[in-house]
Amino acid sequence: PNVTIIEHPLVQHKLTLMRREQTSTAKFRQLLREISMLLAYEITRDLPLRKELIQTPLAAMEAPILASEKKMVIVSIMRAGQGILDGILELIPSARVGHIGLYRDPRTFIPIEYYFKLPDDIEEREVLVVDPMIATGNTAIAAIQRLKQTNPFSVKFLCLIASPEGIKNFHSYHPDVPLYTAAIDDHLDKHGYIIPGLGDAGDRLFG
Ligand code: HSX
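Student: Summarise the overall build of the protein; cite the residues concerned and give the values.
Tutor: Broken down by element type, the protein carries six helices and 14 strands. Radius of gyration (C-alpha) of the protein: 18 Å, near the 17 Å computed for a compact globule of 207 residues. Referenced to the eigenvectors of the C-alpha coordinate spread, the extents of the protein come out at roughly 65 × 40 × 30 Å. Every one of the 207 residues in the protein was classed for burial, and the buried ones make up 44%. Expressed as a percentage of contacts within the protein between residues at least 6 apart in sequence, the contacts between residues at least 24 apart total 64%. Looking at the protein as shown, the accessible area adds up to about 10800 Å², and 55% of this sits on carbon and sulfur atoms. Separation between the mean location of the 23 positive side-chain charges and that of the 25 negative ones in the protein comes to 3 Å.

Dropping the structure here:
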């Protein structure tokens, strides 16, 4: 399937610190910001460059610059996506930002939309959707379904931890959307939590 595991040692190390029960909210927040920058760095490896004629203080040169005129859009799935968004914006400060508000019904696990706002010219932009966890996959599926209605130029999905069940579910709906994750964990429990996971990402981030 269309999944990339980002195995960089710094990513793996920080993820382990985030998983630990004793990691404080402040530390968790800081780690999520740091790990998000590293993940964004890996994901943007293939961004096309073009040459631009510039002038340094000493000479003219043809220098590489990002080819796309249009800034990338980071779409945060609220609320835990905010932590990843903050990190990525430190690395790509000119990125545009969208928000999708979805909460998971605790009984049926079905995601309910409560907010949706994207930049206007989405048809011309590459979109990166971010949420720390893909558990059942239902939230990610709903977010991408909703996003596809707006016809973005391209879409990728970034999370920290995914379950095998969630990935399978996600790709049965969106085989065309590349998924990037720092880890694929063992399984889902009957409450729809990833095991071993890191608990509820939103609670750990915001308290
Ligand atoms: C958590 O649940 C995460 O941040 C996601 O938004 C969601 C993942 O659950 P699922 O829809 O994949 O089961 O709040």
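Right, picking up where we left off after that structure.
Student: Residues and numbers for the sheet that holds strand 12 (residues 183-184), please.
Tutor: The sheet built from three strands is open, its strands ordered 8-10-12 with parallel pairing. Here the strands that pair on one side only, and so sit at the sheet edges, are strand 8 (133-134) and strand 12. The pairing of strand 8 with strand 10 (residues 161-162) spans two bridges and is classified as parallel. Directly across from Met-133, in strand 10, lies its bridge partner Ile-161.

Student: Could you give an account of the packing of aromatic side chains, with specific residues and numbers?
Tutor: Considering all chains together, one arrives at two aromatic pairs under this definition. Relative to Tyr-114, the ring of Tyr-103 has its centre 6.2 Å away and its plane inclined at 35°; by these criteria the two rings are tilted. Highlighted residues: Tyr-103 in strand 5 (residues 96-104) and Tyr-114 in strand 6 (residues 111-117), separated in sequence by eleven residues. On the basis of relative accessible area, Tyr-114 is assigned to the partly exposed category, the value being 46%. Residue placement shows Arg-146 over the ring face of Phe-116; its charged tip is 3.7 Å from the ring centre.

Thresholds, definitions, all that
- Residues numbered from 1 in each chain as written.
- Predicted model: local features only at pLDDT ≥ 70, side-chain atom pairs only at ≥ 80, totals over all residues.
- Heavy atoms only, no water.
- Helix = DSSP H or I, 4+ residues; strand = E, 2+ residues; numbered from the N terminus.
- Rg over C-alpha atoms; globule rule 2.2 N^0.38 Å.
- Buried < 20%, exposed > 50% of the residue type's maximum accessible area, 1.4 Å probe, protein only.
- Contact = heavy atoms within 4.5 Å.
- Areas by Shrake-Rupley, 256 points an atom, 1.4 Å probe, with all protein chains shown as cover.
- Lys, Arg positive; Asp, Glu negative; His and termini not counted.
- Charge placed at Lys NZ, Arg CZ, Asp CG, Glu CD.
- Pairing = 2+ DSSP bridges.
- Phe/Tyr/Trp six-rings, centres within 6.5 Å; stacked < 30°, edge-to-face > 60°.
- Lys NZ or Arg CZ within 6 Å of the ring centre and 35° of its normal.

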